[in-house]
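Working through the structure, step by step
Next come the chains, spelled out residue by residue.
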2 protein chains.
Amino acid sequence: MKPPVDRLNNHVKEHGMKTSTQRNLVLEIMLRDKKHLTVEELYETVKAENPDIGIATVYRTVRLLCDANIARELPITQQVSRYEIISERDHHDHLICTSCGRFVEISSDQIEQEQIRIAKKHEFTLTDHSLVLYGICKDCRKKEKGTTV
Amino acid sequence: MKPPVDRLNNHVKEHGMKTSTQRNLVLEIMLRDKKHLTVEELYETVKAENPDIGIATVYRTVRLLCDANIARELPITQQVSRYEIISERDHHDHLICTSCGRFVEISSDQIEQEQIRIAKKHEFTLTDHSLVLYGICKDCRKKEKGTTV
DNA sequence: TTACCTGCAAACAGTTTGCAGGCCG
DNA sequence: CGGCCTGCAAACTGTTTGCAGGTAA
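Source: prediction; values computed, not measured. (Residues numbered from 1 in each chain as written. Chains lettered and ligands numbered in written order. Predicted model: local features only at pLDDT ≥ 70, side-chain atom pairs only at ≥ 80, totals over all residues.)

1. A short note on the protein's contact with DNA strand C
For DNA strand C, the set of nearby residues contains 24 residues, the closest of which are M17, G54 and T57 of chain A together with A56 and S81 of chain B. Counting residues per element, the ones that place at least two in the surface near DNA strand C are α2 (21-32) and α4 (55-67) of chain A together with α4 (55-67) of chain B. Tallied by class, the residues present in the surface near DNA strand C amount to 7 nonpolar, 10 polar and 7 charged. (Near = placed C-beta within 6 Å. Helix = DSSP H or I, 4+ residues; strand = E, 2+ residues; numbered from the N terminus. Nonpolar A, V, L, I, M, F, W, Y, C, P; charged D, E, K, R; others polar.)

Here you go:
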């Protein structure tokens, strides 16, 4: 499959849209900072390279990237949305430390298989899923022992 | 374990709070409508029995119930939060039809075990998890075949 | 030149909070 | 009777949208 930049250009053409520096910049930043960014964080980084950009454009671009299946919203229940670039052939879920917020990307064929089995049992055609594990990482466990919180 | 109503009363006492008709009513409705309600929906139902209640109280009560571990926010990424009563000895995840919104509650020991294994591998102490499967249910699949959308 | 795209600010939706009065204990 | 609780409305936060001007093709 083609690189994200090309896919964005294709999607844009196919939908009668036009390319723009802003859109390319947002995508570029998302590819560079392989984090799970909020629009706000993305906006801050983008502004460093192009101070004139508006946050509305970042929102619009992120939505466009999701529509084009280049990025996706993370399935984490919070008041603010976080996004990441989708790299197919590398589907993963997340393990999050609720103390320090650290993310680990995980994947398990066994779980995937079991999900398919469950969906089939209920006569659903599975289109997507999200799995998030919450826990305390080793470092935070150490810290918590030492402090009297 | 004691029923939710008792647990609420205990929690309230233990925290130097007071009981109130409004709080009990909200809990009662949540127990009765075993749905995955938004605060707005809950508010509408509650108002039918007590028209003077304010939505802020419903928000405050739902938060209280979550603090007391009597209810929890569903791990579904949407702009609006949904809540459900926690019935221990009946942990479940969700399978959702993205077309009609129907929920099915699911559970799998095999997945639970695998999750524990993964957490251990990354040296996390697992505290919680959320699994949501998205798909199209049998009925919606039929409908989609019939229509030209 | 013709749409589309952008930045701005206003609008929105969901949720939280400050306040004055009410009620539990 | 003191302190928590409530309803109301205003405040807040994250996100979307209308508009006038800018820009890709």
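Picking up where we left off.
2. Here's the deal with helix α5 (residues 109-121) of chain A
Its 13 residues place the ends of α5 of chain A 18 Å apart at the C-alpha level, agreeing with the 18 Å of an ideal helix rising 1.5 Å per residue. Every buried residue of α5 of chain A is accounted for by I111, Q115, I118 and A119 of chain A. Taken down its axis, α5 of chain A places every buried residue within 95° of arc, on the same side. Relative to its buried face, α5 of chain A has exposed residues pointing more than 90 degrees away, namely D109, R117, K120 and K121 of chain A. Where α5 of chain A is buried, its residues touch β6 (124-137) of chain A together with β4 (93-97), β5 (103-106), α5 (109-121) and β6 (124-137) of chain B. Just downstream of α5 of chain A, E123 of chain A is the residue with a positive phi angle, here 60°. (Expected span 1.5 Å × (residues − 1). Buried ≥ 20, exposed ≤ 12 C-beta atoms within 10 Å, placed from the backbone. Arc of directions from axis to C-beta. Contact = placed C-beta atoms within 7 Å.)

3. Things to note about the sheet that holds β4 of chain B
Strands sit in the order β5(A)-β4(A)-β6(A)-β6(B)-β4(B)-β5(B) across an open sheet of 6 strands; the sheet is mixed. What marks the edges here is a single partner per strand, and that holds for β5 (103-106) of chain A together with β5 of chain B. In this sheet, neighbouring strand axes are inclined to one another by 20° on average, regardless of whether the strands run parallel or antiparallel. Across the sheet, α5 of chain A touches β6 of chain A together with β4, β5 and β6 of chain B, and the angle it forms with β6 of chain A is around 135°. Against the sheet, α5 of chain B makes contact with β4 (93-97), β5 and β6 of chain A together with β6 of chain B, and its axis sits at roughly 135° relative to β6 of chain B, the strand it touches most. (Pairing = 2+ DSSP bridges. Axes fitted to C-alpha atoms, helices over the stretch in contact; angles between N-to-C directions.)

4. Digging into the protein's contact with DNA strand D
The immediate surroundings of DNA strand D are formed by 24 residues, with A56 and S81 of chain A together with M17, G54 and T57 of chain B found nearest. The biggest single contributor to the surface near DNA strand D is α4 of chain A, with 4 residues. Of the residues contributing to the surface near DNA strand D, the split by class is 7 nonpolar, 10 polar and 7 charged.

5. Describing the nonpolar core
Core analysis: the biggest nonpolar cluster contains 24 residues, and L95 and F124 of chain A together with L95, F124 and L133 of chain B have the highest contact counts within it. Only β4, α5 and β6 of chain A together with β4, α5 and β6 of chain B provide two or more residues apiece to this core. Ignoring anything within four residues of it in the chain, the contact list for F124 of chain A reads A119 of chain A together with L95, C97, G135, I136 and C137 of chain B. (Core = buried A, V, L, I, M, F, W, Y, C linked by C-beta atoms within 7 Å.)

6. Focus: the interface of chain A and chain B
Many analyses report the size of an interface as the accessible area lost when the parts associate. With 34 residues of chain A in contact, the opposing surface of chain B contributes 34 residues. Residue contributions to the side of chain A that touches chain B peak at 14 residues, all from β6 of chain A. Split by residue class, the side of chain A that touches chain B holds 17 nonpolar, 11 polar and 6 charged. Where β6 of chain A lies against β6 of chain B, 13 bridges are found, and the strand directions are antiparallel. Bridge pairing in β6 of chain B places C137 of chain A opposite F124 of chain B.

7. So, the relation of the copies chain A and chain B
For the match of chain A to chain B, the screw axis carries a shift of 0.0 Å, the RMSD comes to 0.1 Å, and the turn is 180°. Look at the turn and shift together and you get a two-fold axis relating the two. The C-alpha atom lying nearest the rotation axis in chain A is that of L131 of chain A; the distance is 2.2 Å. (Least-squares fit on C-alpha atoms with pLDDT ≥ 70 in both.)

8. Description of the confidence of the model for chain A
Confidence in the prediction of chain A, expressed as mean pLDDT, is 87, and 93% of residues score 70 or more. Mean pLDDT per element in chain A: helix α6 (residues 138-146) of chain A is the minimum at 71, and α4 of chain A is the maximum at 97. (pLDDT = per-residue confidence, 0-100.)

9. Quick word on the domain arrangement of chain A
The domain architecture assigned to chain A consists of domain 1 (1-89) and domain 2 (91-149). Distance between the C-alpha centres of domain 1 of chain A and domain 2 of chain A: 24 Å. (Domains from an automatic or database assignment.)

10. Remarks on the sheet that holds strand β3 (residues 82-85) of chain A
All names here are of chain A. The strand order across the open sheet formed by 3 strands is β1-β3-β2, and the pairing between neighbours is antiparallel. Bordering the open sheet on either side are β1 (37-38) and β2 (71-73), each of which pairs with just one other strand. Pairing of β1 with β3, which is carried by 2 bridges, proceeds in the antiparallel orientation. Counterpart to T38 in the pairing with β3 is R82.

11. Considerations on the packing of helix α2 (residues 21-32) of chain B against helix α3 (residues 39-49) of chain B
Two quantities define a packed helix pair, namely the angle between the axes and the distance from one axis to the other. Residues and elements named next belong to chain B. One way to put it is that α2 packs onto α3 with a least axis distance of 10 Å and a crossing angle of 115°. Between α2 and α3 the crossing geometry is right-handed. Taking contact as the criterion, the partners of L25, V26, I29 and M30 in α2 are, on α3, L42, T45, V46 and E49. (Left-handed = near helix turned anticlockwise from the far one by under 90°.)

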